[in-house]
Structure formats: C-alpha cells, structure tokens
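Commentary on secondary and tertiary structure
Single-letter residue listing:
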Amino acid sequence: MTPAYSEAEVYFENLWQRERLKWLAGEVTPAVMENGATVPVDYCVTTVARLVEQPQTPVAAVKAIIDRLKGTNNPNFIYPINSVHISLLGCTPRATTTDSFEKERIDRIEAVCQGVLKSHSVLPMSLKGVGVIGNQVFIQVYPHDRQWAEMRRELEEALLVIGETPIAYPNKAPIHMNILRLTSGDKSALTRLLETVEQLRAVEIGDFMVSAIDYLITDFVLSPANVTLLDQLKF
C-alpha cells in the first residue's frame, strides 16, 4: 500500500464520519435538477477522465453500484455511465453560455494542458467503497501515487500564468467519482439512501489506469446534451 493510498483512506474515513452525521440530521440541501442538468445551467472548460474512456475499467462493477442506489426508489439524479468521471481541473470560471469561450482561448488553454500532461505517465487507481459529501454520493478513488495531485498543482500554476482563473482547491489529493445527486429533501428517502450507502462503504469495485483526459466544455454534471468534446489528450 502506497503513502498516497493510505492518505486517501484517512481522508475518506474522516469525510464519512463528518458527512454521515449531516445526513442523519437531515442537514443536506437537495440539488435542483431539470432534464438531467443542474439549474441554472452553467459551463466551464475543463479536464476530466471519463470512466468509459479508460482501458480495462470496471464499468460493470460501477453500473452494479449505481443499480443498488437506484433500488432505493428515491427521486434522485443518477449520472449516466458515460458521464461518470473524475475531474482533473476546471480550467476556467463558470459562465452562463458556451459563447464565453473563444477559440483562441480554448486553444491556448489546451496547449497548457498538453504541456503539463506530457511530463506524466498513465496513472493507476483503485475504486473502493461509496461515500457522501453534501448532496452527492460518490465512489472513492484511491491513487497509487501522487501524480494526479501533482498534475492538478502544475496545471493550476500554468493556467494562472496565462491569466486564467482555474477552479482549484487547496487540497489537490482527494478524488471523487460522483454517481448520484440528491434531489429530494424527504427525510425517509434520505435515510433509505444512506442505509444503502453504508452497505457499500467497503465494497471492492476494481482497478483501472487513467490514460486519456477529455478536454471539453461542460455543465457541472457532464449532461450529454451540454457536453462539447474539444479533444482527448493522451499520456
């Protein structure tokens, strides 16, 4: 077990203890969704690794987890399997329309992304257990090394140099693979969903290698209707 993996274990356990109490108390603000998208819809240029675009990924196992959550009969938003992803970095602030991103700006950002990725190799990761944060249910992602966090840091710094304001967080290490957004504030529905999540806390889902990064314009949840794929970057 690598240091990066062990650090992820501590992070996810601490997060679970904190967020579980909020769910038990009903202190969760449901997401507002309409036609499979957040309301209001906004966009950013971003970099993500979609599960279905990686080689030999445990797609069937992830689908099985999603089916278990669907079985709770809660009126929640389930991510389509083609939208399930892990985020590298949001390269721009959010905007109300895609027209906010001119071609020259898109090309300039892509060149920065390519420059960062070329110094890295494919990234091994493991999927294990399900957690909650805010109104989201996610699969816990365990990196085998610190490359993902390093890429986030390097990409943020490089984008700042060209005048962008990326969507970044102080802690670069945590990796969430979101699969559900809570859209109902009903306490009984929340309790049923949390019970299912607790049953999946330690489930072994599988390993995969991140080798392709999608460069795209998208809304918050990668709604198929709101995604524009600009390029796919390879390690």
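The paragraphs below set out a description of the structure included in this document. On a predicted model such as this, the values are computed, not experimentally measured, just so you know.

With that settled, consider the pattern of salt bridges. In this structure the tally under the stated criterion is 13 salt bridges. We note a salt bridge from Glu 19 to Lys 22, for which the minimum N-O separation is 3.5 Å. Here Lys 22 and Glu 19 lie together in helix H1 (residues 3-24), a separation of 3 residues that amounts to about one turn. Under the relative-accessibility criterion, Glu 19 is labelled buried at 5%.

If you walk across this open sheet you meet the 5 strands as S4-S8-S7-S6-S9, and the pairing is antiparallel. Unpaired on one side and paired on the other, strand S4 (77-78) and strand S9 (204-210) mark the two borders of the sheet. Judged from the 7 bridges that link them, strand S6 (residues 123-133) and strand S7 (residues 136-143) form a sheet pairing that is antiparallel. Bridged to Leu 127 within S7 is Val 141. Together, S6, S7 and strand S8 (176-181) form the strand contacts of H1, whose direction differs from that of S7 by roughly 165°.

A few words on the packing of H1 against helix H5 (residues 187-199). Remark: H1 packs on H5, axes separated minimally by 10 Å, with the N-to-C direction vectors making an angle of 150°. Comparing their axes, H5 and H1 come out roughly antiparallel. Residues Trp 16, Arg 20, Trp 23 and Leu 24 of H1 form the contact with H5, whose own contacting residues are Lys 187, Leu 190, Leu 193, Leu 194, Val 197 and Glu 198. Residue composition of the contact of H1 with H5, by class: 7 nonpolar, no polar and 3 charged.

Omega for the peptide link from Val 39 to Pro 40 comes to -5°, which places this bond in the cis form. On the secondary structure map, Pro 40 appears in the loop between strand S2 (37-38) and strand S3 (44-50). Positive phi is not limited to glycine here, since Gln 56 has a value of about 55°. Residue position: Gln 56 is located in the loop between S3 and helix H2 (59-70). The backbone phi angle of Leu 222 is positive, close to 55°, even though this residue is not glycine. Relative to the elements of secondary structure, Leu 222 occurs in the loop between strand S10 (212-218) and strand S11 (228-234).

What follows covers the side chain of Thr 57. By secondary structure assignment, the location of Thr 57 is in the loop between S3 and H2. Exposure remark for Thr 57: the relative accessible area of 16% places this residue in the buried category. A polar side-chain atom of Thr 57 sits 3.2 Å from the main-chain carbonyl oxygen of Leu 51. With residues up to four places along the chain from it excluded, the contact list for Thr 57 reads Leu 51 and Phe 208.

Note: α-helices contain 3.6 residues per turn, so residues at a spacing of three or four share the same orientation. With 13 residues, H5 ought to run about 18 Å at 1.5 Å a step, and its terminal C-alpha atoms sit 19 Å apart, in line with that. Three or more residues of H5 are buried, namely Ala 189, Leu 190, Leu 193, Leu 194, Thr 196 and Val 197. Buried positions in H5, seen along its axis, are confined to an arc of 160° and lie on one side of it. Packed against the buried residues of H5 are H1, H2, S6, S7 and S8.

Conventions and cut-offs
Residues numbered from 1 in each chain as written. Predicted model: local features only at pLDDT ≥ 70, side-chain atom pairs only at ≥ 80, totals over all residues. Heavy atoms only, no water. Salt bridge = Lys/Arg side-chain N within 4 Å of Asp/Glu carboxyl O. Helix = DSSP H or I, 4+ residues; strand = E, 2+ residues; numbered from the N terminus. Buried < 20%, exposed > 50% of the residue type's maximum accessible area, 1.4 Å probe, protein only. Pairing = 2+ DSSP bridges. Contact = heavy atoms within 4.5 Å. Axes fitted to C-alpha atoms, helices over the stretch in contact; angles between N-to-C directions. Parallel < 35°, antiparallel > 145°, perpendicular 65-115°, else oblique. Nonpolar A, V, L, I, M, F, W, Y, C, P; charged D, E, K, R; others polar. Polar contact = N/O pair within 3.5 Å; in protein donor to acceptor, adjacent residues only side chain to side chain. Expected span 1.5 Å × (residues − 1). Arc of directions from axis to C-beta.

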